[in-house]
Amino acid sequence: MYATNYHRASSVADAVHLKGASDESKYVSGGMTLIPTMKQRLAAPSDLVDLRHIAEMKGITVSGGSVRIGAATTHAEVAQSSDIKAACPALAHLASLIGDPHVRHMGTIGGSIANNDPAADYPSAMLALAATIVTDRREIAADDFFTGLFETALADDEIVVAVTFRPPERAGYCKFPNPASRYAMTGVFVAKGTDGVRVGVTGAGADGVFRHAAMEAALASDFSPQAIASVTTDPSDLLSDIHGSAEYRANLVTVMARRAVAAA
Amino acid sequence: MGVEGIGARVERKEDKRFLTGKGRYTDDMVVPGMKYAAFVRSPHAHAKIKSVDGSTAEGMPGVIGVLNGQQMLDDGIGNLICGWMIHSKDGSPMKMGAWRPLAHETVRYVGDAVAVVVADSIDEARDAAEAVVVDYEELPAVTEAATALTGGQPQIHPEAGGNLIYDWAIGTDVAETDAAIAAAAHVTEMTIVNNRLSPNPMEPRAALGIYDGAEDHYTCYTTSQNPHVARLVMSAFYNVAPENKLRVIAPDVGGGFGSKIFIYPEEIVCLWASKRTGVPVKWTSDRTEAFLTDAHGRDHLSTVKMAFDSDNRITALKVDTIANFGAYMSLFSSSVPTYLYATLLSGQYDIPAIHANVRAVYTNTAPVDAYRGAGRPEATYLLERTIETAARELGVSPAELRRKNFIRSFPHQTPVIMNYDAGDYEASLEAAMKEADWAGFDARKAEAEGRGKKRGIGMSCYIEACGIAPSAAVGSLGAGVGLWESAEVRVNAVGTIEVLTGSHSHGQGHETTFAQLVADRFGVPIDSVSIVHGDTDKVQMGMGTYGSRSGAVGMSAIVKALDKVEVKAKKIAAHLMEADESDIVIENGEAKVAGTDKTVPWFQVALAAYTAHNLPAGMEPGLKEGAFYDPSNFTFPAGCYICEVEIDPETGKTEIVQFVAADDFGNIINPMIVEGQVHGGIAQGIGQALLEAVHYDPQTGQLLTASYMDYAMPRADDLPSFKVSHQNTPCPGNPLGIKGCGEAGAIGSPPALMNAITDAIGNNDLTMPATPQKVWAAVHAAQ
Amino acid sequence: MTKVTMTVNGRQVSGDVEERTLLVHFIRDRLGLTGTHVGCDTSQCGACVVHMDGKSIKSCSTLAVQAAGSSITTIEGLAQGGELHPVQAAFKANHGLQCGFCTPGMVMTAVDMINRYGGSLDEKTVRENLEGNICRCTGYHNIVKAILAAASDMSAGRQAAE
Ligand SMILES: Cc1cc2nc3c(=O)[nH]c(=O)nc-3n(C[C@H](O)[C@H](O)[C@H](O)COP(=O)(O)OP(=O)(O)OC[C@H]3O[C@@H](n4cnc5c(N)ncnc54)[C@H](O)[C@@H]3O)c2cc1C
Ligand code: FES
Ligand code: FES
């Protein structure tokens with residue numbers, strides 16, 4: 001790891017202020033992506049601004065037909081939350097599949113979506129749930145938030161403070177893990193709610209997480225696994241690597257989507 | 001058996017220290033003034049080094065020294081060597097190219113060490129290593145052995161034309177074998193790939209070199225399975241220091257699986273750098289370096305023909321194998337695809353004609369050497385996949401075809417050197433089939449089909465050769481060392497006992513099993529027995545632990561030393577009790593005169609030996625004996641493994657629903673430890689068959705699987721619990737009747753699993769690892 | 001350099017560290033508690049697992065400065081008064097370790113798992129919860145057995161105490 005400086009922020013405003021002190025600074029939340037990246041010398045922030053101790057970024061609340069998850073809420077907290085289990089059990093299930101128990105104790109939802117790893121689980125749920133990403137300065141619809149591999153709509157010093165969404169009528173998540181890394185080789189989140197049926201696909205897309213329009217259309221009229229059994233995905237839009245070719249991933253998209261619907 | 005003696009499930013003596021964080025591994029060692037090393041490694045698979053410039057790095061914070069390969073050459077440090085001479089069919093010796101600890105002219109694989117930085121902290125060493133400027137002229141690279149042999153490929157070492165190291169053959173005359181194949185009623189032909197693996201002991205390699213200028217003496221702490229061999233080789237070949245000036249200590253070692261047998265550049269560099277810089281130098285591999293530079297395992301490409309007569313008896317076997325050796329010949333590399341592989345190609349079967357040809361090839365990849373099983377997994381996989389396929393082609397049951405061809409009388413001389421001493425293959429087969437409820441498989445398959453799953457079952461009957469090895473025999477086959485073992489038993493004046501052994505424990509539990517052996521002999525508690533190993537200053541000489549040799553060879557040496565101690569102790573006891581030596585028995589911690597109530601406690605016998613006030617006339621004081629044991633033959637563990645799988649045809653994912661192992665290991669000292677060895681071996685075998693593969697980019701030679709993000713290690717949820725049992729026939733060749741159990745699991749399991757998967761999906765060509773993607777593609781293609 | 005203070009195995013400790021120092025290196029190199037190991041660079045093997053404020057974390061993926069002010073338990077802090085913790089005892093009784101390198105992380109993971117699930121652990125749950133811990137020696141068979149044995153011993157003990 002390259003040398004760095006560390007600052008612990010006490011509030012969102014404090015964090016933005018601390019970050020502004022240096023061009024090459026970065027926020028760190030659970031550190032489960034950033035620290036390993038720094039260890040590999042693939043990232044070299046001059047300064048780290050720690051968000052993990054900011055009270056206003058923590059906690060889960062359900063009120064007025066809306067769920068709010070603070071950005072510094074850990075995967076373990078989401079997985080175990082009785083509120084989430086009641087409002088959207090598929091999301092609790094998704095959180096329980098991220099990494100391992102130790103990663104889930106540290107990693108946060110804010111860090112995961114700000115990072116937008118093409119194989120991360122949460123982004124698919126954010127798209128499917130039509131979530132709103134609440135930052136220190138604005139609200140961004142999930143559809144506008146994820147802009148490409150490891151790319152988001154966030155400004156350099158913008159902080160994700162929370163995510164909010166309306167509990168879906170039905171939702172399901174199914175993940176096929178990469179045999180080595182256990183990140184999603186393909187993960188599909190389906191949700192049926194006031195915004196209609198939405199399908200978020202992670203792990204497979206060459207440009208990162210995406211919504212599957214053909215599946216959404218098929219499921220809108222018939223929310224059943226059979227409805228999408230023959231809906232295909234164009235492999236030329238998908239990732240290909242030593243673990244899975246684009247054709248294989250295309251198959252997984254359909255299989256995982258069907259199973260997610262069945263589980264919803 | 002006593003509660004702590006031979007055959008008892010004794011809890012391990014070493015566990016308390018590991019469980020409380022008090023294990024002492026090489027990276028835990030701290031000595032005053034110690035500094036840290038970071039290596040500058042080649043980012044290219046093949047390149048000429050035009051210059052190495054460490055001047056910027058030298059000025060960076062904390063940097064003590066930047067050293068390169070030219071300096072090492074100037075200091076007279078020798079080449080790394082391969083210690084087993086193989087001669088090609090034409091009689092010419094193998095073509096070994098030079099391997100420098102730090103390359104100064106050419107780099108031949110990604111990760112080849114070029115320079116080393118020593119600094120106050122590891123981070124500072126790494127910062128500076130990045131600032132060492134190496135000017136490379138890139139050369140084309142080749143990573144696959146079969147490709148490297150074809151014309152027009154990059155030449156990797158000038159010594160080995162066409163990248164061919166040797167072209168070796170064994171067994172029956174080719175013409176005779178071909179004739180038998182031509183005359184056969186049926187011939188099964190296959191192409192068999194044995195995938196390249198990274199051994200991955202969880203403790204990464206490490207070395208701490210300490211040079212004492214006043215004494216001109218070196219100490220090396222290192223993660224070695226055989227510290228004495230390390231000292232011998234570093235001294236005799238690498239000119240680091242004469243043996244009496246070099247102490248090698250292998251403290252607690254976190255797994256080896258073969259990869260820590262070999263002497264690598266880093267320990268030599270740490271010792272040399274310690275002298276050059278005047279400070280103790282520690283290097284600890286990170287996992288990426290481990291993937292890049294730890295010797296890999298396997299990587300064979302073979303074709304095989306197995307011929308049958310009309311009665312389904314095997315009449316001939318012909319094998320042609322290409323073995324990828326990587327960029328340099330590692331310490332025992334040459335022996336693995338020859339004497340550790342082709343000599344086992346008879347398996348459990350009576351095959352009158354076997355001919356095997358092996359070509360060893362340089363490529364621009366990490367060196368390849370022994371990995372758990374070394375050669376025997378390759379032989380077993382080839383044979384057991386082929387006979388299974390033959391059964392399918394012939395339309396007979398796999399068990400029947402094997403039964404028909406089993407060797408049933410012993411000793412049995414195979415056409416490929418080995419002389420099997422004992423075994424009962426039918427017993428293991430029967431036991432495994434019963435445990436696996438083979439007869440009920442069809443019903444289970446039908447039930448699984450109802451759930452949309454494809455269920456398959458597969459078996460493998462393996463044999464292996466352990467307890468390596470008779471020194472004269474291996475010497476005649478080209479080994480550079482003898483493969484005996486040493487032991488010394490020291491009885492202290494109060495009757496407690498220290499056993500010094502040349503074997504090395506890195507997970508095998510020697511501190512417990514070796515103590516059980518002593519406890520059994522004298523009836524003393526195992527807590528009064530301590531095992532000393534892993535330090536060349538304490539143990540005179542030893543050959544280390546690999547090839548499942550610690551029981552069959554290491555413990556036999558202890559038995560010989562115990563025999564001598566017992567003889568002397570009996571003489572002393574007889575003298576003390578005024579009895580005849582032949583009437584003395586030692587048991588339950590005392591010496592008795594048989595048939596009387598006269599006894600002397602064990603500790604008094606020991607005390608008498610050391611006070612020497614009242615010893616038989618002419619007897620030397622003391623009670624300490626040493627012995628060397630040189631085995632008379634290999635031992636031949638064998639067994640039958642059955643695996644049952646369910647495949648999700650939509651994703652290609654394989655779930656192992658049952659795994660049964662029935663082994664014949666000869667006599668067993670501690671069944672709990674033996675079962676643990678089998679579990680671990682099976683997991684590695686399943687890893688090979690289902691998950692693990694080293695991938696290089698064939699164009700650039702870059703390692704694509706350099707971390708656990710891409711190299712799939714078996715994890716707890718990939719595996720089932722295993723059903724393990726033993727059907728033992730004692731080994732006639734050594735005093736304890738032990739065969740060895742350390743590698744069987746890794747040898748027997750890959751073909752059982754692949755036979756099960758191919759049974760489920762009806763495709764005989766599937767290669768390891770059977771990843772979901774490959775299985776899905778195979779299922780999909782069949783639809 | 002910055003000064004960090006935290007509680008480790010019940011004792012308050014502090015030291016000046018470079019900010020890039022990982023918690024595992026602080027524990028091993030500064031405090032000399034070498035039971036916590038490093039087995040990988042990509043946060044996957046779990047040899048480094050310790051508890052921070054009562055929860056299992058990977059000390060190779062957390063900076064010492066991030067852990068400042070917290071309470072850390074390492075493998076050395078588990079056994080009390082010379083008695084092995086029930087999980088340690090179960091690993092010994094069930095031969096849940098061979099080379100011992102993964103063992104500290106396995107034991108700390110097992111304690112965390114039992115804290116979360118108590119006596120309701122079954123084999124499948126144990127295996128799933130071992131996802132972040134790699135063992136190359138044991139094939140996990142006896143580790144799983146040891147954890148299940150410890151979980152049932154500990155919940156029986158708890159019930160008896162109630
Ligand atoms: C072994 C292992 C396995 C894993 N497996 C999975 C998996 O299966 N699925 C999966 O989805 N993920 C997986 N992860 C990643 C894990 O979920 C991370 O926790 C997550 O991706 C990042 O969250 P974090 O809080 O740790 O973020 P950090 O690592 O602290 O930060 C990540 C990035 O986001 C930025 N950032 C963090 N918080 C904010 C914020 N509030 N506002 C703006 N920017 C912010 C940081 O500056 C940094 O660039 C795994 C990680 C590991 C180590
Ligand atoms: S060292 Fe922490 S996960 Fe491997
Ligand atoms: S006991 Fe060796 S890695 Fe687990």
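What you see is a predicted model, and the numbers here were worked out from it, not measured in a lab.

Visitor: Describe the overall build of chain B, and please don't skip the residues or the numbers.
Guide: Regarding its fold elements, chain B presents 20 helices and 28 strands. Against the globule reference of 28 Å for 783 residues, chain B gives a C-alpha radius of gyration of 27 Å, in line with a compact fold. Classification of the 783 residues of chain B by burial places 66% in the buried group. Of the charged side chains in chain B, 63 are positive and 96 negative, and the gap between their average positions amounts to 1 Å.

Visitor: Can you break down unusual backbone geometry residue by residue, with the values?
Guide: A cis amide bond, omega -5 degrees, links F410 of chain B with the succeeding residue P411 of chain B. With respect to the helices and strands, the residue P411 of chain B is situated in the loop between α11 (398-405) and β16 (412-413). The peptide bond linking M768 of chain B to P769 of chain B adopts the cis configuration, its omega dihedral lying at -10 degrees. Mapped onto the secondary structure, P769 of chain B falls in the loop between α19 (744-761) and α20 (772-782). Backbone geometry at Y140 of chain C places phi at a positive 70 degrees, although glycine is not the residue there. One can find Y140 of chain C in the loop between α4 (123-129) and α5 (141-161). Taking relative accessible area as the criterion, Y140 of chain C reaches 0% and is therefore assigned buried.

Visitor: Pulling in residues and values, what's your account of the domain arrangement of chain B?
Guide: All names here are of chain B. Partitioning chain B into domains gives domain 1 (15-20 + 484-629), domain 2 (31-139 + 204-254 + 260-293), domain 3 (140-195 + 296-395) and domain 4 (421-462 + 636-783). Its C-alpha centre places domain 2 at a distance of 33 Å from the equivalent point of domain 3. Domain 2 puts 29 residues into the contact, and the matching count from domain 3 is 36 residues. Between D167 and K89 there is a salt bridge, with its nearest N and O atoms 3.4 Å apart. Applying the counting criterion to the domain 2 and domain 3 interface returns 14 residue pairs in polar contact (both at pLDDT 80 or more). Going through the elements one at a time, α7 (227-236) and α9 (287-293) are the ones with two or more residues in the side of domain 2 that touches domain 3. Counted by class, the side of domain 2 that touches domain 3 contains 18 nonpolar, 6 polar and 5 charged residues.

Visitor: Can you break down the interface of chain B and chain A residue by residue, with the values?
Guide: Often the size quoted for an interface is simply the accessible area lost on bringing the parts together. Each side of the interface is counted separately: chain B has 24 residues, and chain A has 23 residues. Across the chain B/chain A interface, buried area totals approximately 1900 Å², and carbon plus sulfur atoms make up 48% of it. Contact with chain A buries surface across chain B, with E650, Q773 and W776 of chain B losing the most and accounting together for 29% of the total. In this structure, the connection of chain B to chain A is made through 7 salt bridges. A salt bridge links R182 of chain A to D718 of chain B; its shortest N-O distance comes to 3.1 Å. Seen at the junction of chain B and chain A, the total is 16 residue pairs in polar contact (both at pLDDT 80 or more). Those elements that provide at least two residues to the side of chain B that touches chain A are α4 (122-131) and α20 of chain B. The element that contributes the greatest number of residues to the side of chain B that touches chain A is α4 of chain B, accounting for 4 residues.

Visitor: Can you break down the UniProt feature "domain: Aldehyde oxidase/xanthine dehydrogenase a/b hammerhead" (unreviewed entry) in chain B residue by residue, with the values?
Guide: Taking the numbering used here, the UniProt-annotated feature "domain: Aldehyde oxidase/xanthine dehydrogenase a/b hammerhead" (unreviewed entry) corresponds to residues 20-140 of chain B. Segment residues 20-140 of chain B splits into 17% helix and 29% strand. End C-alpha atoms: 51 Å apart.

Visitor: Requested: an account of the packing of aromatic side chains, with residues and values cited.
Guide: All names here are of chain B. Scanning the model with the defined rule gives 25 aromatic pairs over all chains in all. On the numbers, 6.1 Å between centres and 35 degrees between planes, the contact of F18 with Y25 is tilted. Residue F18 shares its accessibility class with Y25, and that shared class is buried. Aromatic side chains W99 and Y328 sit 5.0 Å apart centroid to centroid with 10 degrees between the ring planes, which places their arrangement in the stacked category. With W99 in the loop between α3 (69-74) and β4 (106-107) and Y328 in the loop between β14 (314-326) and β15 (353-362), this residue pair connects regions lying 229 residues apart in the sequence.

Visitor: How would you sum up the site of ligand 1? Please name residues and give values.
Guide: Taken together, 32 residues form the shell around ligand 1, and within it Y27, S29, L34, T108 and D121 of chain A come nearest. Residues near ligand 1 are shared among chains A and C, making this a multi-chain site. Between ligand 1 and the protein, one listed contact pairs an oxygen atom with a backbone N or O atom of R182 of chain A at 3.3 Å. For ligand 1, whose unbound accessible area comes to 960 Å², protein coverage reaches 95%. Listed by contribution, the elements that provide at least two residues to the shell around ligand 1 are β2 (25-28) and α7 (109-115) of chain A. By residue number, the principal contributor to the shell around ligand 1 is α7 of chain A, which donates 4 residues. Taken together, the residues of the shell around ligand 1 break down into 14 nonpolar, 13 polar and 5 charged. For the shell around ligand 1, the two domains that each supply at least three residues are domain 1 (5-50) and domain 2 (58-263) of chain A.

Visitor: Can you tell me about the interface of chain C and chain B, naming the residues and giving the values?
Guide: Residue-level contacts link 43 residues of chain C with 56 residues of chain B. In this assembly, chain C packs against chain B so that about 4200 Å² is buried in total across both faces, 55% of it on carbon and sulfur atoms. Taken together, the links from chain C to chain B amount to 6 salt bridges. Its salt-bridge partner being D27 of chain B, residue R28 of chain C comes within 2.9 Å of it at the nearest N-O pair. Where chain C packs against chain B, one counts 30 residue pairs in polar contact (both at pLDDT 80 or more). Listed by contribution, the elements that provide at least two residues to the side of chain C that touches chain B are α2 (86-93), α3 (103-117), α4 and α5 of chain C. Tallying contributions element by element places α2 of chain C first for the side of chain C that touches chain B, with 4 residues. A class-by-class count of the residues in the side of chain C that touches chain B yields 17 nonpolar, 16 polar and 10 charged.

Visitor: Outline empty space enclosed by the protein, listing residues and values.
Guide: Residues and elements named next belong to chain A. Taken as a whole and judged by the stated rule, the model has 9 cavities of 30 Å³ or more. Residue assignment for the lining of the largest cavity shows that the elements contributing at least two residues are β12 (184-193) and β13 (196-202). Per-element tally for the lining of the largest cavity: the top contributor is β12, with 3 residues. Residues belonging to the lining of the largest cavity are distributed by class as follows: 6 nonpolar, 3 polar and 4 charged.

Visitor: Describe the side chain of R444 of chain B, listing the residues and the values that go with them.
Guide: Residues and elements named next belong to chain B. Along the chain, R444 turns up in helix α13 (residues 441-450). A distance of 3.1 Å separates a polar side-chain atom of R444 from the backbone oxygen of A436. Non-local contacts of R444, meaning those with residues more than four positions away in its chain, are made with A436, D437, R455, I457, E644 and Q658.

Visitor: Residues and numbers for helix α15 (residues 510-522) of chain B, please.
Guide: Between the first and last C-alpha of α15 of chain B there are 18 Å, a value that for 13 residues agrees with the 18 Å anticipated at 1.5 Å per step. G523 of chain B lies just past α15 of chain B and shows a positive phi near 70 degrees.

Visitor: Break down the pairing of strand β10 (residues 217-222) of chain B for me, citing the residues and quoting the values.
Guide: Residues and elements named next belong to chain B. When you tally the buried positions in β10, you get 5 out of 6 residues, the bulk of the element. Where strand β9 (residues 206-212) lies against β10, 6 bridges are found, and the strand directions are antiparallel. By the bridge assignment, I210 is partnered in β10 with T219. Linking β9 back to β10 in an antiparallel pair, the connection comprises 4 residues, with D216 at a positive phi of about 50 degrees. Sheet analysis places β10 next to strand β11 (residues 246-249), joined by 4 bridges and oriented parallel. Pairing of Y221 across the sheet is with I249, part of β11. As a crossover connection, the stretch from β10 through α7 into β11 is right-handed.

Visitor: Describe the nonpolar core, naming the residues involved and giving the relevant values.
Guide: Formed by 222 residues in total, the largest nonpolar core has its most connected members in M234, L345, I642 and I757 of chain B together with F91 and I147 of chain C. Of all the elements, α19 of chain B adds the most residues to this core, at 9 residues. Residues contacting I757 of chain B, with those up to four places away along its chain left out, are V645, I647, T654, L690, L766, A770 and V775 of chain B. Core analysis: the second largest hydrophobic core is formed by 51 residues, V12, V49, M57 and I109 of chain A among them.

Analysis parameters
Residues numbered from 1 in each chain as written. Chains lettered and ligands numbered in written order. Predicted model: local features only at pLDDT ≥ 70, side-chain atom pairs only at ≥ 80, totals over all residues. Heavy atoms only, no water. Helix = DSSP H or I, 4+ residues; strand = E, 2+ residues; numbered from the N terminus. Rg over C-alpha atoms; globule rule 2.2 N^0.38 Å. Buried < 20%, exposed > 50% of the residue type's maximum accessible area, 1.4 Å probe, protein only. Lys, Arg positive; Asp, Glu negative; His and termini not counted. Charge placed at Lys NZ, Arg CZ, Asp CG, Glu CD. Domains from an automatic or database assignment. Contact = heavy atoms within 4.5 Å. Salt bridge = Lys/Arg side-chain N within 4 Å of Asp/Glu carboxyl O. Polar contact = N/O pair within 3.5 Å; in protein donor to acceptor, adjacent residues only side chain to side chain. Nonpolar A, V, L, I, M, F, W, Y, C, P; charged D, E, K, R; others polar. Buried area = accessible area lost by both parts, 1.4 Å probe. UniProt positions renumbered as here; feature names shortened; annotations may be inferred. Phe/Tyr/Trp six-rings, centres within 6.5 Å; stacked < 30°, edge-to-face > 60°. Near = heavy atom within 4 Å. Areas by Shrake-Rupley, 256 points an atom, 1.4 Å probe, with all protein chains shown as cover. 1 Å grid on protein atoms, 1.4 Å probe; cavity = no way out; pocket = protein on both sides within 12 Å on 5 of 7 lines; lining within 4 Å. Points joined across faces, edges and corners; volume = space filled by probe spheres on them. Expected span 1.5 Å × (residues − 1). Pairing = 2+ DSSP bridges. Right-handed = clockwise from strand over helix to strand, strands pointing away. Core = buried A, V, L, I, M, F, W, Y, C linked by side-chain atoms within 4.5 Å.

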